[in-house]
Every structure is written in C-alpha cells, then in structure tokens.
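The primary structure of each chain is shown beneath.
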Amino acid sequence: MAEVNRSPAFWRSFPIFEEFDKETLTELAGIATYRRWPAGTVIFQRGDEGNYMVVVVSGRIKLSLFTPQGRELMLRQHEGGALFGEMALLDGQPRSADATAVIASEGYVIGKKAFLDLIIHRPQIAEAVIRFLCAQLRDTTERLETIALYDLNARVARFFLATLKQIHGHELPSSANLRLTLSQTDIAAILGASRPKVNRAILSLEECGALKRTEGIICCNVDRLLNVADPEEG
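Because the structure is predicted, anything quoted here is derived from the model rather than measured.

### Some words on the overall build of the protein chain
Okay, so step 1: Scanning the protein chain from N- to C-terminus turns up nine helices and nine strands.
Okay, so step 2: If you line up the protein chain on its principal axes, its C-alpha atoms span 55 × 40 × 30 Å.
Okay, so step 3: Within the protein chain, the fraction of its 234 residues that count as buried is 41%.
Okay, so step 4: Counting only contacts in the protein chain whose residues sit at least 6 apart along the sequence, the fraction spanning at least 24 positions is 68%.
Okay, so step 5: For the protein chain, the accessible area works out to roughly 12,800 Å², and carbon and sulfur atoms hold 52% of it.
Okay, so step 6: Seen as two clouds, the 27 positive and the 29 negative side-chain charges of the protein chain have centres 5 Å apart.

Take a look at the structure:
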C-alpha cells in the first residue's frame, strides 16, 4: 500500500481543503487511507451508508443513477483533483448515487468520524466546507438549468465552457484547447441526450467556428461558444 501524501500543497490542491491551514492539512493526511480501484469497480451504490468521502488522485470515476429498466443518467465524472461522497458523509443520509471507476483509478478515503472530529476540534474549517458545498449546489443548479431550458446545441456549448472553466477558472481566454477523456456517449449521458444527437450538435458547433477538432485536440473559440450557449447574451 502506498504511503499517504503528507504534503500540505498536495491536499490544498483539492478545492474543499484549499483554505485549511498547514496544521489542519497535516492532520487531514493522518486520517486519509490510500486506495486503488480497477476499472469497473463499484465504489458504492445508491442507498449505501455514507461513511467516507473520496479524493481522486488519478483515473476517472462516474456518479450515476439507474432506472429499474437499466437506463443510466450520468451525474458527474470525477478525475484527478476532484472529491466526491462528501454530502452523505456530512448529512448522515444514504448515498444518493452509484460511484463506479470508469478506468483504473486511485485516491484517498477519509472516514466520516475522523473528518467530523477534525471539524469539531478545528471549527474554523467548517466555513470553508460550507463554501465548497454551496459552490457544488450552484454548479448543480446550473447543470439542471442547462438541461431544462436550452436546446442541445446550447447544452453542448455550455458543457465545453464548463469544462474550460474547470481548467482556467471563470476568466476564460478567447481561445483554448481541450483534450477530452470523455467519449460522445459519456457527454450524451451527462446532457440527457442520445449520442447521435450530441454528434450532430458538435458538428454544428464546428460549422459555426465554435469548435475545431484536430488529432484528438478540440480547439475552442470561447466567444462563439458563448454566442451558442446563450444567444440572448452573445
């Protein structure tokens, strides 16, 4: 088993921990356990007890819901630098979705009791955790707005803009390149559409100059993506 990374800089790279002081980060490293998940591993299922959260170091893990007929709604895909499972850990409710390793992944597990004890002994970190949860809620609201109120071309444009913001922050450059690890099937599951329709939407964005695909790289024209994402403001 690998040794837990005890570097404060490593732990501060995760948004929920970025405001923690050095001493708190050292304690955090002390309660984290390193884990590996082969591709296809179900890490937890909807309804399971939420007794830990996961910080992802590498790989890709999806959170999804399944209907009784087996249809999947993909909620999120988490790669290195992301964290999930914190909601059930903090509110004491069961897991709200399934978590599955899409590819071989690794990360750290932080147990519920140990993390809540850390907050009790260092109450100043509670405000940082609240801000992180509020940011997650705002992001979820924006995702629901995208699916409910925009046509598919706009939804795909907003997907690319959201992905760019994860890399560059909210101050986006006029153009930027992406190398997506998600397939069109993955994007379709996130946006609540079929893969052929997503493919047509991407072709439409290429035709208007918002995207250009070259050898696995997607060149994004941010202004044109914004025009498609919200025509009334573009």
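### What about the sheet that holds strand E9 (residues 217-221)?
Okay, so step 1: Spatially, E7-E9-E8 is the arrangement adopted by the three strands of the open sheet, whose pairing is antiparallel. Taken across any chain shown, the strands that pair with only one partner, and hence form the sheet edges, are strand E7 (175-178) and strand E8 (211-214). Averaged over neighbouring strand pairs, the angle between their axes works out to 20° when direction is ignored.
Okay, so step 2: When E7 meets E9, the two strands line up antiparallel, connected through four bridges. By the bridge assignment for E9, Leu178 is matched with Ile218.

### Quick word on the pairing of E8
Okay, so step 1: Bridge analysis of E8 against E9 gives four bridges, and the strand direction is antiparallel. Note on E9: the bridge partner recorded for Thr214 is Ile217.
Okay, so step 2: Where E8 folds back on E9, the antiparallel hairpin that results is connected by two residues, among which Glu215 adopts a positive phi of roughly 50°.

### Thoughts on the environment of Asn199
Okay, so step 1: Secondary-structure assignment places Asn199 in helix H8 (residues 195-207).
Okay, so step 2: Asn199 sits 112 residues away from Met87 along the chain, and the two C-alpha atoms are 34 Å apart.

### Digging into the UniProt feature "domain: Cyclic nucleotide-binding" (unreviewed entry) in the protein chain
Okay, so step 1: When the UniProt feature table is mapped onto this chain numbering, "domain: Cyclic nucleotide-binding" (unreviewed entry) sits at residues 16-119.
Okay, so step 2: Between the C-alpha atoms that bound residues 16-119 the distance is 13 Å, and the span itself is 23% helix and 46% strand.

### Observations concerning unusual backbone geometry
Okay, so step 1: If you check the backbone angles, Glu215 has positive phi at about 50° while not being a glycine.
Okay, so step 2: Its place among the elements puts Glu215 in the loop between E8 and E9.

Thresholds, definitions, all that
- Residues numbered from 1 in each chain as written.
- Predicted model: local features only at pLDDT ≥ 70, side-chain atom pairs only at ≥ 80, totals over all residues.
- Heavy atoms only, no water.
- Helix = DSSP H or I, 4+ residues; strand = E, 2+ residues; numbered from the N terminus.
- Buried < 20%, exposed > 50% of the residue type's maximum accessible area, 1.4 Å probe, protein only.
- Contact = heavy atoms within 4.5 Å.
- Areas by Shrake-Rupley, 256 points an atom, 1.4 Å probe, with all protein chains shown as cover.
- Lys, Arg positive; Asp, Glu negative; His and termini not counted.
- Charge placed at Lys NZ, Arg CZ, Asp CG, Glu CD.
- Pairing = 2+ DSSP bridges.
- Axes fitted to C-alpha atoms, helices over the stretch in contact; angles between N-to-C directions.
- UniProt positions renumbered as here; feature names shortened; annotations may be inferred.

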